[in-house]
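Report on the structure
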Amino acid sequence: MTSTLSDGAAPPNAGPAPGDGRRVTVPYEALLDETAACFVRLGVPAPRARLAAEALCYGDLTGMDSHGVFNLDRLYRPLLESGGADPAAEPLVLRDLGACVLVDHRRALGLWAASAAMDLAAERAARCGIGLVSVRGATHFGCAGVHARRAADRGMIGVVASNCGGQRIARPPLGAAALLGTNPLSVAAPALEGRPFVLDMSTTVVPTGRVRTAARDGREAPEGWLTDDAGRPVRDAAAYDRGEAWLGWLGGTPETGAFKGFGLGLAVELLAAVLPGAATGPAPAALEGDGRPGGSDDDIGFLVLAIAPNALRDGFDEDAREMFGTVLDCPPLPGRDPVRYPGHPEAVRAEERRASGVPLSAALHAELTALGLRLPVLPEEAR
């Protein structure tokens, strides 16, 4: 249904308070265009600004709002203005072996540079069957899945992993000092038409962004997200940034399998940071001080891998469709939602939001408006 858009801009100093629960809906194309324009104002060249905006808005489009425009003013603007990320950086190839490439991103904005690294890996995979791009000198790249999916869109398998540079957020199970970041990992592949498989996960129970969005919205942290120094559950999401709570690992407690999440986190650190020579969290400095979170997320490392399955054998696409189709055909438990594979719900949500708009909290909308983004609010009847 076509309808006139209302302006939706909040008057100065009159924005809603975080946690008031109000939501507004904005057109996706407006959010994308205005985010790209913001990156241009911050010095990022226009084509790269557009790529960065696509990566950032992917979070809001697919429902992973902790990695969406929530971070524009909180993370990326300060990163660019402080020089933590260089808006004009040109990545430098340090070694090129054909199928394998070592690259120094030289503090390029990770939102566009990680996608460019995947494009390079996919180009090499098209020639060699596999393409590996190992990156150092990188910066925060948002959702890992948006970069891995670029390979899936080419009919390939994509793998993306990242450490958090020298930043230390989480302690080992039974350990008293923070050693690792959230160390995200993504695997993407073709599945059913328009519904690629996209696994996108932190190796901690949740990334820090989800804790912070819960705190912003006034919601409690579900049990298992956070614990205190004694290992007791913490439900106050704001306790994390007060230094009173710790992120848990996938697997829960040491008794229920936290060493699996911690082991995955170490594997990401090895493949994403030690391999290219980026900064690492588990460095001797991590053992100094009081053991609380510390370090900085400078010199992040990435592993970017593309595999061209059709270069290895015939029939991959058909077998993948059969496998993922079988997953969808799995009968659900009585009264429960249908079974889906990772990436399927996000693809459906993205289609809906492209058509009917992207929901934002009213407080975030006011924040973005104050930053200079012109984001018209869709009236109820247009959604």
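Structure first, text after, so check above.
Residue indices follow the written sequence of each chain, beginning from 1 at its first position. A pLDDT threshold of at least 70 governs which residues receive local features in this predicted model, and a stricter bar of 80 or more applies before side-chain atom pairs are shown or counted, although totals over entire chains, interfaces and linings include all residues. Note that water and hydrogens are dropped before the side-chain values are worked out from all heavy atoms of the structure.

Moving on, we come to the overall build of the chain. The number of helices and strands found in the chain is 11 helices and 11 strands. Between the two quantities, the radius of gyration covers C-alpha atoms and the globule rule is 2.2 Å times the number of residues to the power 0.38. Relative to the globule expectation of 21 Å for 383 residues, the C-alpha radius of gyration of the chain, 21 Å, shows essentially globular dimensions. C-alpha extents for the chain along the principal axes are approximately 55 × 55 × 55 Å. Counting all 383 residues of the chain, 50% fall into the buried class. Here, two residues are considered to be in contact whenever any of their heavy atoms come within 4.5 Å of each other. Taking all contacts inside the chain whose residues are at least 6 apart in sequence as the whole, residues at least 24 apart take part in 69%. Using a 1.4 Å probe, accessible areas were evaluated by the Shrake-Rupley method; residue-level cover was limited to the displayed protein chains. Carbon together with sulfur atoms contributes 54% to the accessible area of the chain, which is approximately 17300 Å² in total. Secondary structure elements follow DSSP: runs of H or I no shorter than four residues count as helices, runs of E no shorter than two count as strands, and numbering proceeds from the N terminus. Residue exposure (1.4 Å probe, protein chains only): buried if accessible area is under 20% of the type maximum, exposed if over 50%, otherwise partly exposed.

Turning our attention to the nonpolar core. Ranked by internal contacts, the top residues of the largest apolar core, which has 70 residues, are Phe39, Leu109 and Leu360. In this structure leucine 109 touches Phe39, Val44, Ala52, Tyr76, Leu80, Ala85, Asp86 and Thr139, once residues within four positions along its chain are discounted. If you look at the next biggest cluster of nonpolar residues, it comprises 13 residues, including Ile169, Ala221, Trp225 and Ala245. Put simply, buried Ala, Val, Leu, Ile, Met, Phe, Trp, Tyr and Cys residues joined by side-chain atoms within 4.5 Å make one nonpolar core.

Attention shifts here to unusual backbone geometry. One non-glycine residue with positive phi stands out, namely arginine 107, at about 65°. Note that arginine 107 resides in the loop between strand 3 (100-104) and helix 4 (110-128). A positive phi angle, close to 55°, is found at aspartate 299, a residue other than glycine. By the secondary structure assignment, aspartate 299 is in the loop between helix 7 (258-274) and strand 10 (300-307).

Here we come to the side chain of aspartate 60. Tracing the sequence through the fold places aspartate 60 in helix 2 (residues 46-62). Although buried, aspartate 60 forms no salt bridge, and the nearest oppositely charged side chain, arginine 353, lies 6.5 Å from it. Dropping the residues within four chain positions of it, aspartate 60 is found in contact with Leu31, Asp65, Gly68, Val69, Arg353, Val358 and Leu360. In this tally, Asp and Glu contribute negative charge and Lys and Arg positive charge; neither His nor the terminal groups of the chain are included. Think of a salt bridge as a Lys or Arg side-chain nitrogen and an Asp or Glu carboxyl oxygen that are within 4 Å of each other.

By the convention used here, strands pair only if DSSP detects at least 2 bridges between them. Reading across from one edge, 2-3-4-10-5-6-7 is the order of the 7 strands in this open sheet, with mixed pairing throughout. Each edge of the open sheet is held by one strand with a lone partner, namely strand 2 (92-96) and strand 7 (195-201). Across the sheet, the mean angle from the axis of one strand to that of its neighbour is 15°, orientation sign disregarded. Bridge analysis of strand 6 (residues 185-192) against strand 7 gives 6 bridges, and the strand direction is antiparallel. What sits directly across from valine 187, in strand 7, is leucine 199. Strands strand 4 (130-138), strand 5 (157-162), strand 6, strand 7 and strand 10 of the sheet are contacted by helix 7, whose axis makes an angle of about 85° with strand 10. Only the stretch in contact is used when a helix axis is fitted, and all axes are lines through C-alpha atoms; the angle between N-to-C directions ranges over 0 to 180 degrees. Lying over the sheet, helix 9 (residues 316-329) contacts strand 5, strand 6 and strand 7, oriented at roughly 100° with respect to strand 6.

Whether two aromatic rings pair depends on their centres lying within 6.5 Å, for rings of Phe, Tyr and Trp, where Trp uses its six-membered ring; planes under 30 degrees apart make the pair stacked, over 60 edge-to-face, and the rest tilted. All told, the structure shown has 4 aromatic pairs when counted by the stated rule. An angle of 35° between the planes, with centres 4.8 Å apart, marks the rings of phenylalanine 141 and phenylalanine 302 as tilted. Of the two residues, phenylalanine 141 is situated in the loop between strand 4 and helix 5 (144-152) and phenylalanine 302 in strand 10; the sequence distance between them amounts to 161 residues. Under the relative-accessibility criterion, phenylalanine 302 is labelled buried at 0%. Each ring, one from tryptophan 249 and one from phenylalanine 262, has its centre 5.5 Å from the other, and the planes form 70°; the classification is edge-to-face.

Turning to empty space enclosed by the protein, a few remarks are in order. Think of a 1 Å grid over the protein atoms and nothing else: a 1.4 Å probe that fits but is trapped marks a cavity, an open set flanked by protein within 12 Å on at least five of seven lines marks a pocket, and residues with an atom within 4 Å of a point count as lining. Grid points are joined across faces, edges and corners, and a volume is the space filled by probe spheres set on the points. Tallying each qualifying case throughout the model produces 2 cavities of 30 Å³ or more. What lines the largest cavity is simply Leu79, Gly84, Arg107, Ala138, Thr139, His140, Asp297, Asp298, Asp299 and Ile300. Each residue receives one of three labels: charged for Asp, Glu, Lys and Arg, nonpolar for Ala, Val, Leu, Ile, Met, Phe, Trp, Tyr, Cys and Pro, and polar for the others, Gly being one of them. The class makeup of the residues in the lining of the largest cavity is 3 nonpolar, 3 polar and 4 charged. Taken together, Arg23, Asp65, Arg216, Pro359, Leu360, Ser361 and Leu364 make up the full set of residues lining the second largest cavity. Counting residues per element, the lining of the second largest cavity draws most heavily on strand 11 (residues 358-361), which supplies 3 residues. Classifying every residue of the lining of the second largest cavity gives 3 nonpolar, 1 polar and 3 charged.

Moving on, we get to a nonpolar patch on the surface. Judged by side-chain polarity, Leu270, Leu271 and Val274 come together as a nonpolar surface patch covering roughly 270 Å² of accessible area. As for its placement among the helices and strands, leucine 270 is situated in helix 7. Residues with no salt bridge and a relative accessible area higher than 30% make up the patches, which join like charges within 9 Å and nonpolar side chains (Val, Leu, Ile, Met, Phe, Trp, Tyr) within 5 Å.

Another aspect to go through is the pattern of salt bridges. Scanning the model with the defined rule gives 21 salt bridges in all. Between arginine 77 and aspartate 73 there is a salt bridge, with the nearest N and O atoms lying 2.4 Å from each other. With arginine 77 and aspartate 73 both in helix 3 (residues 70-82), this residue pair falls 4 residues apart, about one helical turn. Where aspartate 96 meets arginine 124, a salt bridge forms, and the shortest distance between an N and an O atom there is 2.8 Å. Highlighted residues: aspartate 96 in strand 2 and arginine 124 in helix 4, separated in sequence by 28 residues. Of the residues examined, arginine 124 reaches a relative accessible area of 11% and is grouped as buried. Linked through salt bridges whose partners overlap, the residues forming this network are Glu29, Asp33 and Arg50.

In short, the description is geometric, and any link to function would need to be established separately.
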